[in-house]
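Here's the letter readout for the chains.
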Amino acid sequence: MNMTSSIRATAIFMSPAALIAIFIVMPPLLYVVYTSVNGLAFSLDLYADVVASKLFRQTLITTFVISGISCFVSLVLGFVVALHLASQPARRRAILLGLVLLPLWTSILVKCFAFMVLLGREGVINSILSWAFDAHIQLPMILNRIGTLIGMINWQVPLVVLPILASLLAIDEAVYRAASIMGAKPARIFWTVTVRLSLPGVLAGLLSIFVMSLGSFMVPALLGGPKDLMLSNLVDYYSRQVLDWPRASTISVILFAISVSFAAPLALWRRSRRI
Amino acid sequence: MMPLPREERTQQVARDDSRPNGLGEDVVSAARSNRRDGSAGLVAKNRSENDPKYAIELKDISKYFGSLAALHPTKLAVNRGEFLTLLGPSGSGKSTLLNLIAGGSGPSTGSIFLDGRDITRMPPRERGIGMVFQNYALMPHMTVFENVAYPLRARHFDRSAIRAKVTEALDRVGLRGLEDRKPRQLSGGQQQRVGIARCIVYAPAIIMMDEPLGALDKNLREQMQGEIKRLHKDLGTTFIYVTHDQEEALNMSDRICLMSLGAIAQLGTPDDLYFRPRSRFVAEFIGESNIITGRVEGNGRMLVSGNETFLVPHEKRSTGSELTVMVRPERVRICGSAESVTTGENVLDGEVVGTAFVGGTTRVAIQCANGLHMTAKMMSDRLATRPAAGDQVRVCWSSIDTVTLDS
Amino acid sequence: MTDIIDDPLQRRYRAVGTALAVSVYVFLLSPLVITIPMAFGTANTLTFPPTEFSLDLFRTFFNSPGWVNPLLNSIKIALATTSLSLFAGTLAAYWLVRREFLGRALITGVIMSPLIVPSVISGLGLYLYFSYFRINSSTLSIVLGHIMVVLPFVVVMIMAGMNKLDRNLEFGAELMGAGTIRMFVTVVLPQLVPSLVSAALFAFLSSFDEFILSWFLSGPDTITLPVRMYNALNWEVSPVIAAVSTLMMALSLVVCVAAISLRKATPADG
Ligand SMILES: Nc1ncnc2c1ncn2[C@@H]1O[C@H](COP(=O)(O)OP(=O)(O)OP(=O)(O)O)[C@@H](O)[C@H]1O
Ligand SMILES: [Mg+2]
């Protein structure tokens, strides 16, 4: 079969997607960059300004702290779930996987609303605690860091489960049998086989949820307090409330650069593994 | 945690045990003195149950998957130092049997004794058995050295002992110098040598191999057969070997356990199975055979179709009962019409319907006058002197080469 | 069963693992489970568990134009997004899987880029870009934005489906003289139906649930359901939101169940 196909056929099959790529996907990014450097005047003043601003620095740190903590916790929880799924017979695994996929495909807005109800000052958990201890308990669990983290972890866990599960299922079952016949105890097998061989999935999952969490918007906006704003919220703040488009664009470009610097190794690494 | 007393007992018993077999007495004792603790059971024997006669004894073990009997209740005793091969067609229960001994899963009924000790419900890691897998089952992320060191690390050997033992094991399988390679940088044969090295390195009481050469090509397979046989001789360990290749089984084994449909069809030496197959299944599975059915006539004769009578070994069965006998093709001669026939020989006229020249031997198919279809195997002659299709010939075979089969 | 090898060590690890896993399942599902009973509570208070059950909240929802209009907008936008991205995505996925051509890596990279570009950036960029053409706040602008983020999902799903097809069938059809397009329509598309349906379902769901782009692009007349919901959550947590959430979850459930049963129906799927 001729792999280098005719230009005409390629044009027919690829042109809709190419048009979308050229006229919808690329321009916004270019536009943001263009706006951030003050158009053709090309000045980096805004960048210097933004980087010097206290609000930006604070938000940058918050972004990394929230993303880092939530990704780490999600990874641990996701690993627990993936391990459990991998040890189940295929039928039951499919059902349990459904329980993981359903939250994955449920809107974050829905989950934020539910957490407001669950974690609010008069929410379900506080009510239960009040009832249990016969006192009026109002633990602050939303509009602060805890609420943000809970919300973030809740949507990240399903995302990290899938790649880990894939690499756990790819482990040859005979390797486990061999290890236990050779005298290894479960703990040793867990570290030397399970954990070691699932590292590719762990790394892929971790990087991808980290990149996604850097751009999170809804969870900090709805479940966080003023101190939990992340870079996306800052972009939103400058563009919709202050109406300072250039500044919003500048922060966007910085956020983009950060995201790419974490996503690129992932992409390269995936490609190198495929070959 | 494991109940500690048992482990202590295990260790103690292991120390004062004088085992006739094993990876050379010196290596075994060195292995023991190097153990820092008794956390992982090496070979454990229990003197309290008298001197055990067998390395492995299976008492009526069976394995059912739902209603499917992967293994019917089976008795099997493996002698010390023996090379026992489990042979049989696919799905006959060979791997199931091996897996029960290894402890991959427990039997549905029955019990398993290792050196007289009941290990039926013991987790695999405490059994002290070694196993080599068809697809190697090496740790893909570890080097050859780490792979071979794995069982020793699990037993908490110290560094220098590990280095010495791994080196010795790699020497034995001819892999010195490849310590730092990863399994995927090795050929299939080399990977299987790693599998063998990591199995012999901890001197297990029993070494089991499940179609270890199944993934290798023919030449390499023959070479490795020789090496495994030599290894068995050197170590003196009990080997249980699984294959579905009859030549491999005949070549390597002290005894063969031929399995069919989850049960033992026949257990015996290669000679037994080849020259005295008990059933039609055994006769047809091992080597080639001419099966002749008829009825007992008494007086060392049987009646077959076409009212022909054949001389057969003396038969205790009553006259008129059904009889099935077998003659190996290489025992069937094609003789010229002039040739005289000695007493005790059966003779049939027939026509050659086909020949197959397969190198050293030629197989000749003959349609006999009484409707019987016989195959004869002979040393190859040149084309001009080989029988050809259409030739009228006489076939003859001796009654002493005729084997009576059960039912 | 008698044929289990009882290994206390192993059993303990498994028990701990299962207990941990169950608590994570509970954590993942609790937000979904909690909204449903609330949706069937009464209209005036947001309590859990509700003391009375009724369909009041759903009635309120469907009777207020402030909620129904966004719902209709979202459905309209999701349908348009789904059909357009499925069209472009299927053609592209086929070509990307089967052929080698100049610029293949580049165009793949661009199409897939929304997977890693934070949505806020796309939202802001699209807003600025569409302002230039003065099509901001239009349904068209939202549809175009949604296509941008939905297309990568569609392409990935169809490519996965393509990879399971036997290319010899296509080769055979071409040997018999079918042109590329005829071959695509008569040989490839029929086999791709399960992938197409699940891609369509997920495209619809992603567009329907999409928030950030709509947040930047929608105007007073083109507000979508998630934007309306976000506003509601920001200003007053009204009980109607429980009903909205339940509707959105029902949609997710339908899509998931349909996708899973489709996967079962495809024998090629391992
Ligand atoms: N885990 C299992 N669940 C259900 N049935 C099984 C299982 N393992 C094995 N069997 C069945 O038990 C029978 C014996 O299988 P076994 O693997 O022991 O055969 P084998 O002799 O090793 O064959 P092969 O030469 O193909 O390896 C087969 O019919 C198989 O389908
Ligand atoms: Mg087998």
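These numbers come from a predicted model, not from an experiment.

1. Brief notes about the state of the cysteines
One way to say it: the disulfide is the covalent bond shared by the sulfur atoms of two cysteines.
Residue and element names in this part refer to chain B.
Thinking step 1. Taken as a whole and judged by the stated rule, the model has one disulfide over all chains.
Thinking step 2. Disulfide partner of Cys-335: Cys-396, at an S-S distance of 2.5 Å. Highlighted residues: Cys-335 in strand 15 (residues 333-335) and Cys-396 in strand 19 (residues 392-398), separated in sequence by 61 residues.
Thinking step 3. Overall, Cys-335 belongs to the buried group, its relative accessible area being 4%.
Thinking step 4. Here Cys-396 falls in the buried class, since its relative accessible area comes to 0%.

2. Points about the layout of surface pockets
Thinking step 1. Roughly 1,800 Å³ of volume is contained in the second largest pocket.
Thinking step 2. Of all the elements in the fold, those that place two or more residues in the lining of the second largest pocket are helix 3 (54-86), helix 7 (145-169), helix 8 (173-181) and helix 9 (186-214) of chain A, strand 1 (54-65) and helix 3 (94-102) of chain B together with helix 1 (8-39) of chain C.
Thinking step 3. The dominant element in the lining of the second largest pocket, judged by the number of residues it contributes, is helix 1 of chain C, at eight residues.
Thinking step 4. Across the lining of the second largest pocket, the residue classes tally to 26 nonpolar, 13 polar and ten charged.

3. Here we look at the sheet that holds strand 17 (residues 361-368) of chain B
Residue and element names in this part refer to chain B.
Thinking step 1. Reading across the sheet, the five strands line up as 15-19-16-17-18 and stay open at both edges, with antiparallel pairing between neighbours. Either end of the sheet is taken by a strand with one partner, and the two such strands are strand 15 and strand 18 (373-379). The mean inter-strand angle of the sheet, taken between neighbouring strand axes irrespective of direction, is 45°.
Thinking step 2. Here seven bridges tie strand 16 (residues 345-357) to strand 19, and the two strands are oriented antiparallel to one another. Its bridge partner being in strand 19, Leu-348 is matched across the sheet by Val-395.

4. Quick notes on the packing of aromatic side chains
Thinking step 1. Applying the stated rule across the entire model yields 35 aromatic pairs over all chains.
Thinking step 2. For the pair A:Phe13 and C:Trp95, a centre-to-centre distance of 4.5 Å together with 10° between the ring planes defines the contact as stacked. Of this pair, A:Phe13 sits in helix 1 (residues 7-36) while C:Trp95 sits in helix 3 (residues 65-98), each in a different chain.
Thinking step 3. Looking at C:Trp95, the relative accessible area reads 0%, which means it is buried.
Thinking step 4. An aromatic cluster of three or more residues is present, and its members are A:Tyr31, A:Tyr34, C:Tyr129, C:Phe130, C:Tyr132 and C:Phe133.
Thinking step 5. If you follow B:Arg386 out to its NZ or CZ, it ends over the ring of B:Phe357, 4.2 Å from the centre.
Thinking step 6. Across from the ring centre of C:Trp67, 4.2 Å away, lies the NZ or CZ of C:Arg228, which sits over that ring.

What counts as what
Residues numbered from 1 in each chain as written. Chains lettered and ligands numbered in written order. Predicted model: local features only at pLDDT ≥ 70, side-chain atom pairs only at ≥ 80, totals over all residues. Heavy atoms only, no water. Disulfide = S-S within 2.5 Å. Helix = DSSP H or I, 4+ residues; strand = E, 2+ residues; numbered from the N terminus. Buried < 20%, exposed > 50% of the residue type's maximum accessible area, 1.4 Å probe, protein only. 1 Å grid on protein atoms, 1.4 Å probe; cavity = no way out; pocket = protein on both sides within 12 Å on 5 of 7 lines; lining within 4 Å. Points joined across faces, edges and corners; volume = space filled by probe spheres on them. Nonpolar A, V, L, I, M, F, W, Y, C, P; charged D, E, K, R; others polar. Pairing = 2+ DSSP bridges. Axes fitted to C-alpha atoms, helices over the stretch in contact; angles between N-to-C directions. Phe/Tyr/Trp six-rings, centres within 6.5 Å; stacked < 30°, edge-to-face > 60°. Lys NZ or Arg CZ within 6 Å of the ring centre and 35° of its normal.

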